[in-house]
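Observations on the model geometry
The primary structure of each chain is shown beneath.
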Amino acid sequence: KAAVHRICSGQVVLDLATAVKELVENSLDAGATSIEIRLKDYGAEFIEVADNGSGISPENYQGLTLKYYTSKISDFADLQSLSSFGFRGEALSSLCALGNVSIITRTKDEAFATRLVYDHAGVITSEEKMARAVGTTVSVGKLFSTLPVRHKEFNRNIRREYGRLLTILQAYALIGKGIKLVCSNQTGRGGRTTVVQTQGNASVKDNIVTVFGTKTAGCMEWLDLAVTESCYVEGFISKPGAGCGRAAGDRQFFYVNGRPVDMPKVAKLLNELYKSFNSLQYPMVVLNFILPTASYDVNVTPDKRKVFLHSESELMVALRDALEKVYSPNKY
Ligand code: ADP
Ligand code: MG
């Protein structure tokens, strides 16, 4: 049974990026305004996510690493109006099955923090008091070490895994208004390098400047569109023909109600539209779709990156119309 769980866990936590993404989403769900991600050897050796969120109360210490345990949803109807990132209670139980998990946490009602160590079945093996500000630190050592073949492949491809992780962290960093997100990596015995960093108290525009740099940010302009009666789109996109440097297919970030998602069809639409302006590059995009929660599902793939929009084709037509109005060919 433990072996089955390990294999299934590998499907929730697919790679380094999903592991860290799940932890960052837990921090956001806990109301954190500061999230610090520390990696050792690009995450192969050690991953740690520390936040200043609500902390975990003692009655949840054991439950939270059990499969399908979640404190965020009480009945199925809640799924319709879901605003939190997590709701399936699979991340921590999966991480326990895949690596060495420990948690340090403190709520505002406690004078001390508690450090908990979990085994691969999610059972607490040690518990001690220690000092820490209110919030939670989750550490995962040697991710995938319980799956020898996967582990080997993970170590071999660690730089690629790390690259994907940075892109995902950028997605959260860009949209996180007023959230301070810092990621650093330490290799071997070398020093620690900060690789992603946003200030707290910043707008999306400020975040674009810190993540992409001033030059790139200067090429992007604000866009807001009422696409349909129930869909509103806002964000930043490159000015067509602004000559913003390199092709930016890897700098297209889409969100639904602030949740980073993949939107290949929207990306394709934008890229085609830009091509029709004789633009040499794909546009850089940071675009948030504001939609009623009942009009889409994010629960369709394990990593929750795919979004299923009800009436997607109508929406795409309306989006194309709206964009063509803004970017009328004679404007450029
Ligand atoms: P889910 O997020 O789907 O509820 P997880 O396995 O990711 O499931 O987390 C299980 C539970 O652990 C959460 O419901 C929450 O109660 C608690 N938890 C996890 N991380 C944090 C955190 N950083 N701060 C506060 N609570 C947390
Ligand atoms: Mg979660």
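Our subject in this report is the structure included herewith. (Residues numbered from 1 in each chain as written. Chains lettered and ligands numbered in written order. Predicted model: local features only at pLDDT ≥ 70, side-chain atom pairs only at ≥ 80, totals over all residues.)

Focus: the overall build of the chain
- Across its full length, the chain carries nine helices and 15 strands.
- Counting over 332 residues, the chain shows a buried share of 37%.
- Nonlocal contacts in the chain, meaning residues at least 24 apart in sequence, comprise 64% of its contacts between residues at least 6 apart. (Helix = DSSP H or I, 4+ residues; strand = E, 2+ residues; numbered from the N terminus. Buried ≥ 20, exposed ≤ 12 C-beta atoms within 10 Å, placed from the backbone. Contact = placed C-beta atoms within 7 Å.)

Describing the nonpolar core
- Among the nonpolar cores identified, the biggest contains 80 residues, and A19, V20 and L95 are the most heavily contacted of them.
- Summarising the domain contributions, this core has at least three residues from each of domain 1 (2–197) and domain 2 (214–331). (Core = buried A, V, L, I, M, F, W, Y, C linked by C-beta atoms within 7 Å. Domains from an automatic or database assignment.)

Notes on the pairing of strand β1 (residues 34–40)
- Taking every second residue as pointing to the same face, the buried face of β1 carries I35, I37 and L39, while none of S34, E36, R38 and K40 on the other face is buried.
- Both β1 and strand β7 (residues 180–186) contribute to a ladder of seven bridges, which runs parallel. Opposite K40, over in β7, you have Q186 as the bridge partner.
- In this sheet, strand β2 (residues 46–51) lies alongside β1 in antiparallel orientation, the contact comprising six bridges. What sits directly across from E36, in β2, is A50.
- Adjacent in sequence and paired antiparallel, β1 and β2 are bridged by five residues, among which D41 carries a positive phi angle near 50°. (Pairing = 2+ DSSP bridges.)

Some thoughts on the sheet that holds strand β5 (residues 124–130)
- Taken together, the eight strands give an open sheet; going across it, the order is β5-β4-β3-β6-β2-β1-β7-β8, and neighbouring strands pair in mixed fashion. Only two strands of the sheet have a single partner each, and these edge strands are β5 and β8 (192–197). With direction set aside, neighbouring strand axes in the sheet form an average angle of 15°. (Axes fitted to C-alpha atoms, helices over the stretch in contact; angles between N-to-C directions.)

A word on the sheet that holds strand β12 (residues 259–261)
- Spatially, five strands are ordered β9-β10-β13-β11-β12 in an open sheet, and the strand pairing comes out mixed. Two strands close off the open sheet at either side, each with one partner strand: β9 (220–226) and β12. Put simply, the sheet's adjacent strands are angled 20° from each other on average, direction ignored.
- Strand direction decides the pairing type here: strand β11 (residues 252–256) and β12, joined by three bridges, are antiparallel. Bridging from a neighbouring strand, V256 pairs with R259 of β12.
- Sheet strands in contact with helix α6 (residues 204–212) are β9, β10 (232–238) and β13 (285–290), and its direction is about 30° off that of β10.

Notes on the packing of helix α8 (residues 264–276) against helix α9 (residues 312–326)
- Where α8 meets α9, the axes come as close as 11 Å, and the angle between the chain directions of the two elements is 30°. For the element pair α8 / α9, the angle class is roughly parallel. Between α8 and α9 the crossing geometry is right-handed. For the pair formed by α8 and α9, the contact residues are K265, V266, L269 and L273 on the first element and M316, L319, R320 and L323 on the second.
- In terms of residue class, the contact of α8 with α9 is built from six nonpolar, no polar and two charged. (Parallel < 35°, antiparallel > 145°, perpendicular 65-115°, else oblique. Left-handed = near helix turned anticlockwise from the far one by under 90°. Nonpolar A, V, L, I, M, F, W, Y, C, P; charged D, E, K, R; others polar.)

Re the pairing of β10
- Of all seven residues in β10, five are buried, a share of seventy percent or more.
- Inspection of the sheet shows β9 paired to β10 by seven bridges, in the antiparallel sense. Looking across to β10, one finds that E221 is bridged to I237.
- As consecutive antiparallel partners, β9 and β10 are separated by five residues.
- By the bridge criterion, six bridges tie β10 to β13 in an arrangement that is antiparallel. In the sheet register, I237 faces β13, and the bridge partner there is V285.

Focus on unusual backbone geometry
- If you check the backbone angles, Y42 has positive phi at about 60° while not being a glycine.
- Turning to its location among the elements, Y42 is positioned in the loop between β1 and β2.
- C-beta crowding within 10 Å serves as the criterion here: with 21 such atoms nearby, Y42 is assigned to the buried category.

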